[in-house]
Structures are given as C-alpha cells and as structure tokens.
Amino acid sequence: MNSFLPTDAKSRGRLGLLFALLVLCGIVAATLWANWIHAEQELRTADTSKLQEILKNDPGNTKAQLLLGTKLEAKQDLAGAREAYKRAAELDGDSESAWLGWARVSQKTGEIQEAYSVLEVFMKSHPTNVNALLELAAFYQDQDAVIRAYDSAKKATQIAPKNVRAWRRVATTAVDLTLYTEAESAIGHALALIPDDWRSYYVLGKAQIGLHKEKDALGSFEKASQLAPDEVSPLREIGALQFATAVSDEDFKKALNTLKQVNKSAPEDAGITLMIGKALLRLNDKVGAEKEFNETIRLAPNEASAYFELSRLAQASGDSKMASTLKARHDDLEAYRMEKGNLLSLIYQDRDDVSKSNERRLKLARLYAKHNDYELSIREYKHLQARVPGDAKIAKELQDVERLATTAFPENLSVSEVNLLAKGDEFRSKGKFRDAGRIYAQVLVKNKKSAPAYLGLGLSLLGNGDKDNAFRAFNKALEIDPNQDAAQFEVARLYREMDFADEAIRRLELLLKKDPVNAQYHNERGLAYQKVEVFGPAEESFLKAVTVEPGNNDFLINLAFAQAKNNKFAEAERNYRAALLKEPENGVLLAFFGSFLVERSQSTGNSAMVKEAEDILKKSLALSPNNFTASFGLGNLYLNRGDAAVALPYLMAANRQNPEINVVYYRLAVAYTKIGDKDKAKLYRKESERRTEYFNRRSNTEQLTRESPKDPALRIKLARIYAEGGDLTRAINQYQVYLTMKPEDATARKERDALVKKADSSNIDIPRSEGS
Amino acid sequence: MRLVILVGVILLAGFGGVGCIRSKETASNPSETTTDKFSSVPSQNALSSANSIFRDVTDSAGIHYRWEIVGKRPLNILQTIGNGCAFLDYDGDGNLDILLVGFKLALYKGNGKGAFTEVTSRTGLDKLKGNFHSCAVGDIDNDGHDDVYLSAYRGGVMLHNEGGESFRDISSSTGIPSQPFGTTCAFGDINGDGYLDLFIGNYIKFGPDTRPQLCDNNGVKGACGPRFYEPEKGTLFLGGKGMRFQDVTKAWNIHLSEGKALGSAFADYNNSGKLSLAIANDEVPGDLLSNKNGKFENVGKSSGVAYDDSGKVHGGMGLDWGDYDNDGKLDLALAAFATEAKCIYRNDGDDVFSDKSAMLGLGPSNPYVTFGIKWLDYDNDGYLDLILCNGHVQDNISESDKTMTYRQPTQLYHNAGGGHFEDMSVAGLDEKSRRPIVGRGLAIGDYDNDGKIDVLIVDSEGRPLLLHNEMPAVSNWVGFKLTPPSGVARNAYGAMISLEAGGKKYLRHCHADGSFMASSDSRIHFGLGDAKKIDKVTIVWLNGKKESYSDIPLNRYVNLPPVKSSKNSSSP
C-alpha cells in the first residue's frame, strides 16, 4: 500500500509548517467572522439610543443609519426616521431600503414633493428596480395620479412578471381607472402566483363589482374573509355588498348583521354607521336609524347622505323647517364634494405648472377650511408652505384655520325662484322652449346668480336651435357654479360640435371622474375622439357606454362605426347587424351600415357584399330620401364600380343634402373626370381644394395658437380666418383675446365691432360677462 | 432540422449545384451574355431553411452599423426625419455594394455571393461629416463610375467616384449650394442632353430657434407635425460637362411645387419620351411635375395624385413608379402617415390617375407610418409586389396614443394578379425581418445575383435590415443591365423596357430613385412566371430611339445591347 504522506524528514517538516499556517489562517478567519457576526447582532439588537451612540462614533455606518430609520419609523418617530433614512441613502446611493424608506416616511410626514423627488432620483439610477417602481405606483395612487400609478405598476409587471405585489397594484390602479376587465385579469395573474392571498381576493371582488358581477364579488370577499378572518376590510365589503343588493327584509337583516359585526371592529367607520342607519330605516326602525345617522355626522360632519336621510326623517315626522335646513346642508355638502373633486382634478392636471397648481391648492385649502375640514385644510396649507416657503399670507391663513372651529350653513333658495325653475323645467320637458326660456329669464331678473336658471335657459335655447347663445348660457351657469354637471356636459357637446374636440374631452373627463358609469358621458367622449379621428379611445369610450347601457342602439351604432375605423371589421359588422335587428327600418342606421359594406366590399372584392350594400342603401333612401350618408354611399358604390354616370346623380344629391362635406366635391370631380367632362371636374376640384386649403389653414393656425397662445399675430390671424369662414362667435372671441394684447389696434377693433354688430342682429340678448 | 439542412447544403455543394455555379460566374463576369451556361432551373434557394420569403441576414453578411438619433428626447421634427441607404455598384464589379447614410457614412463592398466588407475608410467616406439624410446615385460625368449626391440638413455633398476606388468631395465646384433641409434627392436627365440632372427636395423651415420645437399631443409633449412649419421648396439643377450644375429651379417651375418634400422619383409616366417627376410632400398636396415644353407643369391636382380619393392631403413620405397591373402604364405608389391610405394611383392615361388603394387592400386601415415603399416582384410571378417599412415619428407616441407604437413592423404585400394585394407580412418575413423598427429608408436590389430581389432597410434607432429573398425558385426571370446609345446619360435612367413572354407583356423602367431617401439597384428585373421563352424585348431610350431584341436567355442578367445578339433598331 502506498502512503500519500512524504517519508523523508525535510518534506515532513515542510508539511507541518504548512499545516500550522493553515490552522493559523483558520483561527484568524473564524475570529473575524465571529466579530462580524457579533457586530451584526449588536446592530440588530441595538435600540435607537444605542444605534445613535454607534453612529456618533461611526457616522458613516450605513447599516446603522438604516436600522435607526427602520426602528424610528416603527416607533412612529417619522421626523427622526426621515433623517436617518436620508443619511443612509446619502451614504449608499444603491441602498433600496434607505431610499424607499426615505420616500415612504417623507410621504407620511406630508413632504410630498420630497417623497417624489427621492423616488425620482432613485429611479433614475435604478430604472428597473421593481420595489421602487411599486413604491412610485403607490405614491402616485395616493396622490390620485392613477394613470401614472397604473403605468408604473404595469412596468413593474413587465420587469418582474412573477411579482404578486406588482400585479395587485396593477389591479388596484385599474379599478381606480374603471378598467375592471384589466383589473380582473391582473389579479388573475396574482392569484395564479399565490392562490391563497386574501388581498388578491379582496381586489378581485372590487373589480367584479365594477363589472357588475356582484355575486362573484361577494364570493371573492367571502374567500378573502375566510383567508384573513381578522381583517375587517373584506367583511366591510361583504356588508356593503349585501346592503347594496338587498331587496327583501331578510336581505336587509342579513346585511345589518354583517354591518354591525364590522361596526364592532371599526366603530369609527362613518360609512358603516350610515349603511346601518339606512338598513334600519328600511326595516322601519326610525329611532335606531336616526341615532345611526347622527352618529355618522359625529364621525364625518361632512357626510351629505346622512343629512339627506335625516331631512327625510324630519319631513316624515312633520318638521318641515328642520327638514329644509337639513336638506340645505345636504345640498351644500354635495356642492362642496363636487368642488373639491374638481379642484383635485385640476391640481392633478396642472401638476407641471407650479404657479397654477399652487393657486388651486390655496383654493382647496380655503375650501376645506370653509367646510370645517380643518385637518385637510391644514395639510394643504402645509403643502403650500413647503412649495412657497416664507409666504406670509399662507402662514397667516394657516394660523387662522388652526384657530377656526365654526360651522356655517348656506342660504336657501327662495321658494318663488324654485317654483319658477320647476315651471321652466315643465315647459321644457313638453318641448315649449320659448316659454321655458321666458320663465328662466324671469328667474334671472330676480337672481342674476342662479346657475340652474342659466342651465335651463341654455337648454331652452338649444331646443330652439340657438347654439351660440346656449353655449354662453351654459358657460354662465358654470361660471356661477362649476358643479353644474348638466351645463358642463352641454358645453362639452357644443365644443365637440365646434371642432374643439380636445376641450370637449377635457370637460368630459372631469365629468367622468365624478360619475364614471355615466353612459352618456362615455358616448359623448367617444364622439369627441371620433371628431379628431382618434378611433382607439373613441372605441373604448363607446364600448364603456354600451357596457353601461347595453340597450342603447345609438351607442351600439357608434361603437360599430369606431370598430370599423379600427379595422375590427367583423366586430363592426356584428354590431351593425345587432343594431339592425332592433331597428330594421332605421334609415340612418341602414345608411351607416350600407356605407360600411361599400367600404368593405372595396377591399374584399366581395360582389355579394356590394349587392347587399346597394340594397341596404336604396332601402335607406326609400325610408329617408334626404339621407346624405345613403346618397353618398350609393354614389361611391357606383363610382368604385366604374359607373361614373350612374354615380353622379347620387353624388349631386349628397352635395345638395350636405354642401359642407368637402369629400363630396372631390368625388364629384373624380366622377366628372371619368365621364370626360373636364370643365366640371375642374370646377368641383377647385371647390374641394378651396375648402381643403381653408380647413388646413384654419386647423394649422388653431394648432399653432394652442402652442403659442400669447402670440398676438396668431390670434388676429385666427380671428380673420374664422371671420372668413363665417364663424362669428369664434372670430369675435379671437378678436377679443387679440385686443387684450394689442388694445391700440384700431383696425382690429373696427373689424371686431362689425362682427359683433352682425352677430347681435340675430341673437337673443342674454346677460354676458364683461369682455366675453 | 438544422443539421439536415446543413448536410443537404454540403451534399449539393459537393455535387456542384448549378445555381451556385451560375451565381459565381455572373458575379465574376457580369458582362458575359452567352447562353451556353444558362440553366432554367435555379435551385440554390430551394434549400431555404425557413418558410419565410425574406430572412434578415445582416449579421452573417458582415454589416455592423447602427443608426442613433442624437440629442434630447422627446425628438423634434428634425430628429425624426431618418436616413437613407443604397444598393449601388461603386466599383463596377457587377456586384451590388451597400451605402448607409447617417451622421457617419458606411460603405460595404459586396462580393455578389452575400458577403460584404466595409470599405468606408478605404474609399474616403469616413472623412465626411454632416447631418446626411438621403442619397442619389448616378454617373454625373459618364465616366463609367457611379457618383453619389448626399442630401443633408444645412448641407449636401456631391461625391465623385474616382475610378471605382474612392470618392472625392467635389461639392464646391459643382455649383450646387448647401440646402436648408435637404431630404429626398434623385438623378434624371430631364432635358435629354446626356447628362444627369439633380432634384433635391427640401422639407421645412426649421432650426434650433424655430418655435414650436415640441407640441402637445393629448397632454404629452412630442415632435410637432409639419403643419406647424413653413414649407421649404425643392431645387433643381441641370448637369453638364465638367460636372458643373446650373440652378434651374425657377426656369423649370420647381419653385411652384408645394414643398415639404420627402420622396421623389423620375419617370416617363406618360410615354412622352421625357422624364417627369413625382414628389411626395408631407401634409400638403403632392406634386406631379409633367415635363412639357422645356419645363415642368404641375399636374398633381388635376391628375389626382395630389390627394387621396377623398380629396385629403396626406403625409406623403416615399413613393415609387411601377406598372402593377401590367397595363403598359406606370402607376404610382405612395407611402403615407398612420391611418392614411398608402395610395396606389393607377395610371388611367391622359394625365389621369385613380387612387385604388382601398380597392387593392391598402386603404386607410393601415395603422403604420410608412416611409420606405418599393415595387418589387419578389416571387417572379410577373406582377409587382410591394414592400413597406414603417416607424412612427414621435418617439413617445404610445404615451399620447395607446393604440400606436414608435417602432413598427415592416410589411410585405403580394400582388394577386393586379387586382388585389394580399398582406404577406407574417408569412413572407421571418421574425427578425418583421421586428418593430423605426423604419425609414428602403432600397431593393439583387445583391447575390440570384434573380430574386433582396431588400435593405434603415432602422433609425437600430441596425440595418438586409433581407435576403429566399423564395423557392419556381418562376423564371431575367435582368437587364443597359448600355445606352451615345447621347443618352450612361445610367439610362428613364429608359422604358417592355418585354413579351408567354403571351403577356410587361413594362418596367430603368431607375434607381424612388422609395424614401434611398437608391436601389438600377438593373431592370422581370419576373416571368412560368413563361419558358422571351419573345421580344423593346427598349425606348430617353432620346426616343427604340431598340428591340429577341433570343434573350432566361434566368440571368443580360447586358443590353448585347455584344452578340440579333438586333433591330429603329427610330420612332
């Protein structure tokens, strides 16, 4: 047997020395390791004062700084935690825990700007850090910047498709954005990764509510509650859902039981006491209900619904005066809610414009104070102080708010005014717009600040076809009361009709923020997008409108039209046919569908489709002989088929029916070219070109003006272009803007005055704000 | 699977596949036109490993170049404009080389078998610096070597080809001034004096101080559209002896064109014996400059090519002439913006065109912003197909419009008998070829001389795409390299070639221009389907002379006029 050990003494000596060296190295390493472990343990077990002591001796110890931040945060010493995290982050630019901790605590302490900057800086150097992205998403969501929150969360899922938190954040933000299908799908990913997470079921339930799958939602919340029996939020949703879907007394009793159970765990939840009150009212326990409503007001003094319910109870008990006071309080609070929502939305929109944003924040702070939401008011003032340090006015107002503690009730409308408004509404509902207009005008004589009267007047004018004055009236209503949603909607519609689709969309977005399930708003938004030929969002909007109101055929037709534009031909055809099943004799619908088939047949070469299109369009014309779409569709069909001579009468009819549509002039030029009538071809082509040139010139100048709104040269150019096109309202408006910039321009003034004279000669006189 | 194919290739190589031999011979001796080595069964690509027709072979071909857009984001309109490329034979060896145009230029010498070697510094092109956009290729002094004009923003360079060895910047002596915003450029002999003339398109008045630089698109700042800027008009220069050019912009009515030009192509579309010029303009009417009485007359509007079939202007990008329905008249294809029809204007004769895009399947439903567009008969069935390269202009478009993307895939359309175009993008392009890119310039050419047209595409924010045509060789073809009679500019641009075979008649024209900022293989290629014999080939030169040929071999490149062939010449 051979030994591996050396046999000679010299070699053995060397081996021994080597062994000794190895042992020595081992000892040194073990000691170092033990010391490191010890130091780590010491750090981990150290309390805050110990950590502070360590940091005194070793201020560059990142780990100690980080631990200090964590411990102070746990102890709710947020200012201290913020400092510690900040120092840790400064020491280690890559320490995720330090940076995210800093951002988190800054946000908690109301240092929103700082929180955002911290996240932004860290994200710049770590653009694919998933935790940072999720923190950013949470931050955005907290600041109501939900689209950004959604985008950040979505990016996180792309980087880390197995990150459950990321999927859940996508889902919660999608719920906020009313993208319920997307939310449902995202939470599906989360559940596939971790099947038994109560939070995922909770979010799933929220999405299902949005999708009107109430039963499924209930199941999801129940599952969440089973998985986390100590968590109150799923149970709260179960109670709320049971209450919302309750029909029978039994249902209400069941809901009441659950809500009371929630109330035990969360006695300060005003929403729960309100629901308990409502359930009791439904079960005829008026005394119990009143108690709960009063409790709701104690918990949330600005909860409008509680006032409303109490006013109903007062009315039922014969105390009209009290009922009226309570109702007024309710109205005031509703208006407050709307105004608050509006301001928050504007703050979000103007987030990049510091001065505008500050101005709005100041308004918001004052609004909160006015409605006794002192905590929120103070928070806003503090935000402002951080943004505009040293501003004496803000400091003074903040001090005042901190002292304030009074409640103010708004004045009520006078009875006669209310009655007049009701009379005006009655006339209007019967189509007697002129009479209605007179009544609303009477109200305005009594009260120049009556927003409902301006709204009614606007609707009456609209009924009479006077869009220009209706537009002014609606704007006046909004000027007095920005929460006149009906006026806002009409203004949006008129903007769309006047080719200011982007402004229409902006206003509709505001409305949809308040009422995300309003089918009319969605439909109108779709039409506005369609106006600027942005068919993707148009289709989305119509789809939402159809989802909310599946029975509305107009929405369905709009959806089909947008789908065709988005190349979803099969879906478009299906929806057109579905709409036709409901209204087989609808001439307009037939014209749309026929024209769709004409276009489709062109690219598919399907002769049967051509025949069907021809039949449908002819039927449409038989039902409504002046239908432009049908005439134009048939003209195109024959022109495409090479029958220019047959196409001509239809194209001529289309031109008569709607002389504003430029494409008809061009198609007429093509048709005349085909039959060899060069003179007429030239005539129509010239007209088409003239119109195209005007449209392009106008549209270019509009866009340039939007980009440089303070350029007087563009303003006067635009004013003259509008005047050239006979668009008096817009022309005057542009002259006004220009003259505020160049008041010395006598020529422009003269031109403006001439237009005003022309416009006034055909207008109903309604009150106008100065310089409007 | 790959192993099986490899074994197949090796076996075939061992047996001496005819296709390979033919290819080699064509490459080494392009002027040889004898028919004895001709084979009608080209087979080298029957071994294609993929089912796709086009395969991106950029890497294996040895092309290592990358375009980058310098400067801030989001991009402004100048940054979005993109670059061009060319297939050219700079050294006259019969094999196509590749020129890539950008802030830095790159020239790759082709070996005719699919491999390229970079010769940028050897040819002196590495010394040129500028914001180059496009290129036009042509022999301005008829010395037998193709010269190059490079258009540029606030610049432009004329490069003289020094005997196929290198290029020399002769800009200062040509008389062509620096252009304000040079985009498209094209050579053509418009006055028939035997010297190439040059059209240079300009885009808009734009500089660092122009306002606005960025515009609000649905709340997102991004590049403004051309409508925000004043147009810059194109310029026209007559070439002559000594490589001197004379500015004839006004004399030839170019100053009356609309401006904002991005694409241009010369052609004798009305068989007048003179070159006319089509110009694609961005969001203003397109121009069709008909060559009449020693100047151009703009018939864009009256002919119908200024607008789409609704009378709307479009964002015209690239364009190309070609007879897609084989009716003996050149039609015009025009690339346009997203959701605008990629117009195919059928030439109805008499200066009248009809926009047939919707009927042919290329209507406004196409969601992409198309720049490069080229007619090519990729399957040699005798009908011109279409290839389009796409890419949005706004690098942040998806933020303002969720339905759009910045990078967009290339599209291939098959011409199904002249009456309809089928979208073959998925089946026809391998995954790499149709990856989303910021597509701009697009050129075509048969770089491996196998009779199947290949494609070169610019990705403004990436690497070039060299798409090798691997269509199984089931159809016959023929290619012509023209040598014009004296008095006609050597490149023979504008010559009209009609070919009769198998009872059908085809018309093609000699050109390198067209598409977007690109220059293509100027050899004339005919796909012949299952025709077994060419009955007659007729060339009408720009000087009006007509020449007819017969006994032309199939499936190879042939010099016309040949050294030895039957020839009947006549004057019209």
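Caption draft 1: Spotlight on the overall build of chain A. Regarding its fold elements, chain A presents 40 helices and 0 strands. Of all 772 residues assigned to chain A, the portion counted as buried reaches 47%.

Caption draft 2: Region of the structure containing the overall build of chain B. Looking only at helices and strands, one finds 9 helices and 39 strands in chain B. Each of the 572 residues in chain B was classed as buried or not, and the buried ones make up 64%. A sequence separation of at least 24 residues applies to 61% of the contacts in chain B between residues at least 6 apart. Within the structure as shown, chain B displays about 19,700 Å² of accessible surface, and the carbon and sulfur contribution to it stands at 52%.

Caption draft 3: Layout of the sheet that holds strand β30 (residues 465-469) of chain B. Residues and elements named next belong to chain B. Pairing is antiparallel in the open sheet, where 4 strands are placed in the order β1-β30-β29-β28. Of all strands in the sheet, those with a lone pairing partner are β1 (54-56) and β28 (439-445), marking the two edges. When strand polarity is set aside, the average angle formed by the axes of neighbouring strands in this sheet is 25 degrees.

Caption draft 4: Region of interest: the interface of chain A and chain B. Of the residues lining the interface, 21 residues belong to chain A; the matching set on chain B comes to 28 residues. Between chain A and chain B lies a buried interface of about 2,300 Å² when both sides are counted; carbon and sulfur atoms form 46% of it. When the area that chain A buries against chain B is broken down by residue, the three leading residues are Gln-602, Tyr-666 and Glu-707 of chain A, summing to 25%. The interface formed by chain A and chain B includes 3 salt bridges.

Caption draft 5: Examining a nonpolar patch on the surface more closely. All names here are of chain A. A cluster of nonpolar side chains, Leu-17, Leu-21, Leu-24 and Val-28, forms an exposed patch at the surface whose accessible area comes to about 390 Å². Here Leu-24 lies in helix α1 (residues 9-45). Leu-24 sits in the exposed class, given a relative accessible area of 53%.

Caption draft 6: A look at helix α4 (residues 78-91) of chain A. Residue and element names in this part refer to chain A. With 14 residues, α4 extends 20 Å between its outermost C-alpha atoms, agreeing within 8% with the 20 Å of an ideal straight helix rising 1.5 Å per residue. Listed as buried for α4 are Leu-78, Gly-80, Ala-81, Ala-84, Tyr-85, Ala-88 and Ala-89. One side of α4 holds all its buried residues, which, seen down the axis, span an arc of 165 degrees. Set apart from the buried face of α4 by more than 90 degrees, the exposed residues are Ala-79 and Glu-90. For α4, the secondary structure elements touched by its buried residues are α3 (62-74) and α5 (96-108).

Caption draft 7: How the structure looks around the packing of helix α15 (residues 270-282) of chain A against helix α16 (residues 286-299) of chain A. Residues and elements named next belong to chain A. At their nearest, the axes of α15 and α16 sit 8 Å apart, and the two run at 165 degrees to each other. In terms of their interaxial angle, α15 and α16 are classed as roughly antiparallel. For the pair α15 and α16, the sense of crossing is left-handed. Contact residues: Ala-270, Thr-273, Leu-274, Ile-276, Gly-277, Lys-278, Leu-280 and Leu-281 in α15; Lys-286, Gly-288, Ala-289, Glu-292, Phe-293, Glu-295, Thr-296 and Leu-299 in α16.

Caption draft 8: A look at the pairing of strand β7 (residues 147-155) of chain B. Residues and elements named next belong to chain B. Burial analysis of β7 places 8 of its 9 residues in the buried class, which makes it a mostly covered element. In this structure, strand β6 (residues 132-138) lies alongside β7, joined through 6 bridges in antiparallel fashion. If you follow Ala-136 over to β7, its bridge partner there is Tyr-149. Relative to strand β8 (residues 157-162), β7 runs antiparallel, the two being bridged by 3 bridges. Bridge pairing links Val-148 to Leu-159 in β8. Counted between consecutive antiparallel strands, the loop separating β7 from β8 contains 1 residue, among which Gly-156 sits at a positive phi close to 130 degrees.

Caption draft 9: The arrangement of the state of the cysteines in detail. Residues and elements named next belong to chain B. A full pass over the atoms with the stated rule returns 1 disulfide over all chains. What pairs with Cys-215 in a disulfide is Cys-224, and their sulfur atoms sit 2.2 Å apart. An S-S torsion of about 100 degrees defines the bridge between Cys-215 and Cys-224 as right-handed. Across the pair, Cys-224 and Cys-215 agree in class, each one buried.

Caption draft 10: A look at the confidence of the model for chain B. Residue and element names in this part refer to chain B. Taken residue by residue, chain B gives an average pLDDT of 88. The fraction at 70 or more is 89%. Contacts from residues 565-572, a stretch scored under 50 in pLDDT, to residues over four places away or in other chains number 19 contacts. Scored by ipTM, the complex comes to 0.74, with pTM at 0.62.

Caption draft 11: Summary view of the pattern of salt bridges. All names here are of chain A. A complete count under the given rule lists 74 salt bridges over all chains for this structure. Its salt-bridge partner being Glu-83, residue Arg-87 comes within 3.9 Å of it at the nearest N-O pair. Taken together, the residues Arg-87 and Glu-83, both in helix α4 and 4 residues apart, mark about one turn of the helix. Here Arg-282 and Asp-249 are joined by a salt bridge, their closest N and O atoms 2.9 Å apart. One end of the pair, Arg-282, is in helix α15; the other, Asp-249, is in helix α14 (residues 249-265), and 33 residues separate them in sequence.

Caption draft 12: Spotlight on empty space enclosed by the protein. Residue and element names in this part refer to chain B. Counted according to the given criterion, the structure contains 5 cavities of 30 Å³ or more. If you add up the space inside the largest cavity, you get close to 300 Å³. Around the largest cavity sit 25 residues that line it, and Trp-375, Ile-444, His-511, Arg-523 and His-525 are the ones nearest its centre. Looking at the lining of the largest cavity, the elements with two or more residues in it are β20 (319-322), β24 (370-376), β28, β33 (504-509) and β35 (524-529). For the lining of the largest cavity, the per-class residue count stands at 10 nonpolar, 7 polar and 8 charged. Around the second largest cavity sit Cys-135, Ala-136, Val-137, Cys-185, Ala-186, Phe-187, Tyr-493, Ala-512, Asp-513, Ala-518 and Ser-519, which together line it. For the lining of the second largest cavity, a count of residues per class yields 9 nonpolar, 1 polar and 1 charged.

Caption draft 13: Focus on the environment of Gly-594 of chain A. All names here are of chain A. Residue placement: Gly-594 occurs in helix α32 (residues 587-604). For Gly-594, a relative accessible area of 0% corresponds to the buried category. For Gly-594 and Glu-614, which are 20 residues apart along the polypeptide, the C-alpha to C-alpha distance reads 7.1 Å. The contact partners of Gly-594, leaving out residues within four places of it in the chain, are Ala-613, Ile-616 and Leu-617.

Rules used in this analysis
Residues numbered from 1 in each chain as written. Chains lettered and ligands numbered in written order. Predicted model: local features only at pLDDT ≥ 70, side-chain atom pairs only at ≥ 80, totals over all residues. Heavy atoms only, no water. Helix = DSSP H or I, 4+ residues; strand = E, 2+ residues; numbered from the N terminus. Buried < 20%, exposed > 50% of the residue type's maximum accessible area, 1.4 Å probe, protein only. Contact = heavy atoms within 4.5 Å. Areas by Shrake-Rupley, 256 points an atom, 1.4 Å probe, with all protein chains shown as cover. Pairing = 2+ DSSP bridges. Axes fitted to C-alpha atoms, helices over the stretch in contact; angles between N-to-C directions. Buried area = accessible area lost by both parts, 1.4 Å probe. Salt bridge = Lys/Arg side-chain N within 4 Å of Asp/Glu carboxyl O. Patch = residues over 30% accessible without salt bridge, like charges linked within 9 Å, V, L, I, M, F, W, Y side chains within 5 Å. Expected span 1.5 Å × (residues − 1). Arc of directions from axis to C-beta. Parallel < 35°, antiparallel > 145°, perpendicular 65-115°, else oblique. Left-handed = near helix turned anticlockwise from the far one by under 90°. Disulfide = S-S within 2.5 Å. pLDDT = per-residue confidence, 0-100. 1 Å grid on protein atoms, 1.4 Å probe; cavity = no way out; pocket = protein on both sides within 12 Å on 5 of 7 lines; lining within 4 Å. Points joined across faces, edges and corners; volume = space filled by probe spheres on them. Nonpolar A, V, L, I, M, F, W, Y, C, P; charged D, E, K, R; others polar.

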